[in-house]
Amino acid sequence: MTLEDILKDIESRGDGELKTLSDYYEQKISEIRKKQDLALRNLQEKYEKLTEEEVRSVERTTISSGEMEALKIVRSRESSLIEEAMGKATIYLKELRNSKDYKEIMAKMVDAARRSLGKKFTIRVSARDSSLIPQSKDLVIREEEVDPYGGIIAESSDGSMQIDLTLTSIMQDIREKLISRISEHLGE
């Protein structure tokens, strides 16, 4: 073998080993790129999902805030309507004493007190309204200012029970029942 053949053989083996090493490292670089691409896609998908979840969360928060604001507006309107209705009812009650039906209303109040307290009881009523109370021997009438708008306060003969049938008290009771009914209707 000549020196030239030996050099060609070494060069040929070197080229072969270089090609083998080059192929090996190209394969390794290709595998690393595939892993990098896969990791990149996974990260992109993960951040897209996180972004979508965050967007949905912000949307829910925004919608919830909008719903709360709408509910606040509705409640405010309901409150003003209730106040308006109660204002009109209060005006009606203030004028009730001057109506032709007031004497009949007073008689019904006395009957309601009689049913609740028994035959013997005391009625406290304003001097202005005392003449409207039907007289009875079992009934004691005491004149005193019980309410600026009218009505009566009835007490059992032993003083253990009392019924407030003043127009102010009746109005408060109506107001509470009205608010309760409206709240039930609205699902609170």
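Keep in mind the model is a prediction, meaning the values are calculated, not measured.

Concerning the nonpolar core
Next up, step 1: Within the largest apolar cluster, 21 residues are counted, with the highest numbers of intra-cluster contacts made by M106, V110, F121, I123, I133 and I152.
Next up, step 2: Of all the elements in the fold, those that place two or more residues in this core are α1 (3–96), α2 (102–117), β1 (121–125), β3 (151–156), β4 (162–166) and α4 (167–186).
Next up, step 3: In terms of residues, this core owes the most to one element, α2, which gives six residues.
Next up, step 4: Apart from residues lying up to four places away in sequence, M106 is in contact with V125, D129, L132, I133, G151 and I152.

Describing the pairing of β4
Next up, step 1: In this structure, β3 lies alongside β4, joined through five bridges in antiparallel fashion. Looking at β4, one finds that E155 is bridged to Q162.
Next up, step 2: Hairpin connection, β3 to β4: the antiparallel pair is bridged by five residues, and G159 has positive phi, about 80°.

Some thoughts on the pattern of salt bridges
Next up, step 1: Under the definition given, this model contains nine salt bridges.
Next up, step 2: A salt bridge links K88 to E84; its shortest N-O distance comes to 3.5 Å. You can see K88 and its partner E84 sitting in helix α1, four residues apart, about one turn around the helix.
Next up, step 3: Close ionic contact of E144 with R124 constitutes a salt bridge, the shortest N to O distance being 3.1 Å. Taken together, the residues span a long stretch of sequence, with E144 in the loop between β2 (139–143) and β3 and R124 in strand β1 at a distance of 20 residues.
Next up, step 4: In this structure R124 comes out as buried when scored by relative accessible area, which is 13%.

A closer look at α2
Next up, step 1: For α2, with 16 residues, the first-to-last C-alpha span of 22 Å sits near the 22 Å given by 1.5 Å per residue.
Next up, step 2: Of the residues making up α2, those classed as buried are Y102, M106, M109, V110, A113 and L117. Buried residues of α2 fall within an arc of 95° about the axis and therefore sit on the same side. Opposite the buried face of α2, at more than 90 degrees from it, the exposed residues are K108 and R115.
Next up, step 3: In the segment just after α2, G118 is the residue with positive phi, at about 100°.

Considerations on α1
Next up, step 1: The end-to-end C-alpha distance of α1 is 135 Å, a good match for the 140 Å that 94 residues give at a rise of 1.5 Å each.
Next up, step 2: Those residues of α1 lying buried are E78, I82, M86, L93 and L96.

Focus on the sheet that holds β2
Next up, step 1: The strand order β2-β1-β3-β4 describes an open sheet built from four strands, whose pairing is mixed. Only two strands of the sheet have a single neighbouring strand rather than two, namely β2 and β4. Pairs of neighbouring strands in the sheet enclose a mean axial angle of 20°, with direction left out of account.
Next up, step 2: Each of β1, β2, β3 and β4 touches α2; the most contacted strand, β3, lies at about 15° to it.

About the thresholds
Residues numbered from 1 in each chain as written. Predicted model: local features only at pLDDT ≥ 70, side-chain atom pairs only at ≥ 80, totals over all residues. Heavy atoms only, no water. Core = buried A, V, L, I, M, F, W, Y, C linked by side-chain atoms within 4.5 Å. Buried < 20%, exposed > 50% of the residue type's maximum accessible area, 1.4 Å probe, protein only. Helix = DSSP H or I, 4+ residues; strand = E, 2+ residues; numbered from the N terminus. Contact = heavy atoms within 4.5 Å. Pairing = 2+ DSSP bridges. Salt bridge = Lys/Arg side-chain N within 4 Å of Asp/Glu carboxyl O. Expected span 1.5 Å × (residues − 1). Arc of directions from axis to C-beta. Axes fitted to C-alpha atoms, helices over the stretch in contact; angles between N-to-C directions.

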